[in-house]
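# Coordinate inspection notes
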Amino acid sequence: MKKEKKRNKPSKEIPLGFVDRKEKELLVRDFIISNIKEIMIKYGFQYLETPSFEYSDSIGKFLPDKDRPDEGVFSFKDENKWLSLRYDLTAPLARYVAKNYLEIPKPFKRYQLGTVWRNEKPGPGRFREFLQFDADFVGTKSSLADAELCVMISEILTKCGLNKSDFVIKISSRKITEELFKKLNIKDNQQKLTALRALDKIDRLGWDSVKELLGEGRKDKSGDFTEGANLSSNNIEIIEKELKKKTPETEDLIEIIKIFKDYNFRNFEFDSSIIRGLEYYTGIIFEVNLKFDVKNNKGQVIQFGSIGGGGRYDNLINNFGNYDAPATGISIGLDRLVYALMQKKDFKIKQSKPVVICVFDNNSMKEYINLQLLLREAEISAEIYPGEGKLKKQMEYANKINSPAVILYGEDEIKSGKPTLRNLSTGKEKSAEIRELVNEIKKII
RNA sequence: GCAGCAGUAGCUCAGUUGGUUAGAGCACUAGUUUGUGGAACUAGGGGUCGGUGGUUCGAAUCCACCCUGCUGUACCA
């Protein structure tokens, strides 16, 4: 009987890849968001919000012969159409631009903050639900736009408390690999993609492993085998040699570096091993990398990788029809930035906690409420102890929520009109006239 | 998806070659203190030992399958 009952209890577990986020983290996130908004206004971007769900085909999820478009997205069927939770903010932007093409200004600059969902295996610091920040230029081919994005994200990170030496923007261009493929006469699209994905892993795996992936394939340390791009060893040598060059040769990179100079912006590096997985990039690509150590909850230093990146995608919006909409944009993973920022030693956000007014006798509630009103009118966070119980329990509560002080206003104090104020960090008590109370508390906070 | 490892209290874990009623620390509740938190002491609650089936006189322990998690790898439009 009892066992039966237990079995029917609802699960207290949360789904794989989803997390509860607590106040400490949320405050840092709010701080970052307020900085972002401020700077986006300064740079002249429009604020936009699009829905969490889109029709699956609108965001690039076509469902040829599948029952369910579940490749990486969460979907369900509504009446006859498939809907998917958005997996990024770029696809909805493309859809928005196509839908509103005639009304929007051209070029169109918009920024967006929003949760995105990915139906993928979560990893350390990677979840199935996370907050992204995106800023994009639509309808301009100018490298000034690409440059602005880099300068802007740098300003945001600085405003959030990072030093120039804490991060770097790495830039490259898809034109480099494109020209290489042309030169080597590699035409098969699938082969190109496999090669790009392999090159994207240089950071993590190193050149030796990447060369295996460009060739026949690679066995990882768990014994799993990954099929390679099957390029000839001659071609692989040429690719390695070409990508190890330290100076950019493509036109777009030369141009953006010149613009950086005009901005007096130096916090960037050319790195031809920056590839980025997405297929749709066509030109300049960049990544925002942190240079300080990030640790996991066991205190081990983990390879954190980039907190975001972006690049130029001149053909994406054309998928919706014939729009002249070359575009470039940046995405930042806010939760990852929050995680990293919380580890900076000098980074703390204080949240004022309420002064707790203890309850001795429910018949004196009017007195407590008056005190509470007085404090709140003075913009002091205050609350009457919200439960029932002895004074000890009330003190324990105040201690647990990090309250700076409690006010004791029992029979004797009410009679004399002088509440007792107890400082919870020193443990000292003081008797104060009601009109002095606000000042005494301000001394403590 | 593939591979390796692991699942014992809310959390971190111990549990000997299979052997009584499964333990510890932290956390929680109550008390020592009927008006005083962070320390101490005392007592207490809390477990289908991931699940199912099997081997056995006897299973947290051995076997099979399943589920879940972690790590690596792939995918990440």
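Since we're looking at a predicted model, the values are computed, not measured. (Residues numbered from 1 in each chain as written. Chains lettered and ligands numbered in written order. Predicted model: local features only at pLDDT ≥ 70, side-chain atom pairs only at ≥ 80, totals over all residues. Heavy atoms only, no water.)

A tally of helices and strands in chain A yields 14 helices and 20 strands. Against the 2.2 N^0.38 benchmark of 22 Å for 445 residues, chain A shows a C-alpha radius of gyration of 28 Å, more extended than a compact globule. Dimensions along the principal axes, computed over C-alpha positions, put chain A at roughly 95 × 70 × 50 Å. Across the 445 residues of chain A, 47% fall into the buried class. Surface exposure of chain A reaches about 25,700 Å², of which carbon and sulfur atoms provide 48%. (Helix = DSSP H or I, 4+ residues; strand = E, 2+ residues; numbered from the N terminus. Rg over C-alpha atoms; globule rule 2.2 N^0.38 Å. Buried < 20%, exposed > 50% of the residue type's maximum accessible area, 1.4 Å probe, protein only. Areas by Shrake-Rupley, 256 points an atom, 1.4 Å probe, with all protein chains shown as cover.)

To continue, consider the nonpolar core. Counting 69 residues, the largest nonpolar core has Phe133, Met152 and Leu334 as its most contacted members. Beyond its immediate chain neighbours, meaning those up to four positions away, Leu334 contacts Ile32, Ile33, Ile36, Leu113, Leu131 and Phe133. Ranked by size, the runner-up nonpolar core spans 23 residues in total, among them Ile357, Leu375, Ile384 and Val438. (Core = buried A, V, L, I, M, F, W, Y, C linked by side-chain atoms within 4.5 Å. Contact = heavy atoms within 4.5 Å.)

Attention shifts here to the packing of helix H2 (residues 23-43) against helix H10 (residues 334-341). At their nearest, the axes of H2 and H10 sit 9 Å apart, and the two run at 115° to each other. As judged from the angle between their axes, H2 and H10 are roughly perpendicular. At the point where H2 passes H10, the crossing takes the right-handed sense. In contact with Glu25, Val28, Arg29, Ile32, Ile33 and Ile36 of H2, H10 contributes Leu334, Asp335, Leu337, Val338 and Leu341. Tallied by class, the residues present in the contact of H2 with H10 amount to eight nonpolar, no polar and three charged. (Axes fitted to C-alpha atoms, helices over the stretch in contact; angles between N-to-C directions. Parallel < 35°, antiparallel > 145°, perpendicular 65-115°, else oblique. Left-handed = near helix turned anticlockwise from the far one by under 90°. Nonpolar A, V, L, I, M, F, W, Y, C, P; charged D, E, K, R; others polar.)

This part is about the sheet that holds strand E3 (residues 75-78). Strand order in this open sheet of three strands is E2-E4-E3, and the pairing throughout is antiparallel. At either margin of the open sheet sits one strand with a lone partner, and together these are strand E2 (53-55) and E3. Going from strand to strand, the sheet's axes swing by 35° on average, the running direction of each strand aside. Both E3 and strand E4 (residues 81-85) contribute to a ladder of four bridges, which runs antiparallel. Each bridged residue has a counterpart across the sheet, and for Phe76 the counterpart in E4 is Leu83. (Pairing = 2+ DSSP bridges.)

Below, the discussion takes up the packing of aromatic side chains. Going through the model one piece at a time under the given rule, you end up with 13 aromatic pairs. Clustering of aromatic rings is evident, with ring pairs tying together Tyr47, Tyr111 and Phe133. Over the ring of Phe127 we find Arg21; its NZ or CZ atom is 5.3 Å from the centre of that ring. Seen from the ring of Tyr101, Lys106 lies directly overhead, with NZ or CZ sitting 4.6 Å from the centre. (Phe/Tyr/Trp six-rings, centres within 6.5 Å; stacked < 30°, edge-to-face > 60°. Lys NZ or Arg CZ within 6 Å of the ring centre and 35° of its normal.)

Among the structural elements, Asp224 can be located in the loop between strand E8 (217-219) and strand E9 (225-227). Ignoring any residue separated from it by four or fewer positions in sequence, one finds Asp224 in contact with Arg218 and Lys219.

Bringing the environment of Leu337 into the picture now. Tracing the backbone through its elements, the reader meets Leu337 in helix H10. The residues contacting Leu337, other than those within four sequence positions of it, are Ile32, Leu157, Ile307 and Ile332.

The strand order across the open sheet built from eight strands is E1-E5-E6-E15-E14-E11-E7-E10, with neighbouring strands paired in mixed fashion. At either margin of the open sheet sits one strand with a lone partner, and together these are strand E1 (46-47) and strand E10 (268-270). Sheet topology note: the strand E7 (residues 167-173)/strand E11 (residues 284-290) ladder contains seven bridges and is antiparallel. Across the sheet, Lys170 pairs through a bridge with Glu287, a residue of E11. Packed onto the sheet, helix H4 (residues 143-159) meets strand E6 (129-138), E7, E11, strand E14 (306-312) and strand E15 (327-333) and runs at close to 20° relative to E15.

What follows concerns the packing of helix H6 (residues 189-199) against helix H7 (residues 202-214). Close contact between H6 and H7 brings their axes to 8 Å; oriented N to C, the two are set at 145°. Contacts between H6 and H7 involve Ala195, Ala198 and Leu199 on the former and, on the latter, Ile202, Trp207, Val210, Leu213 and Leu214.

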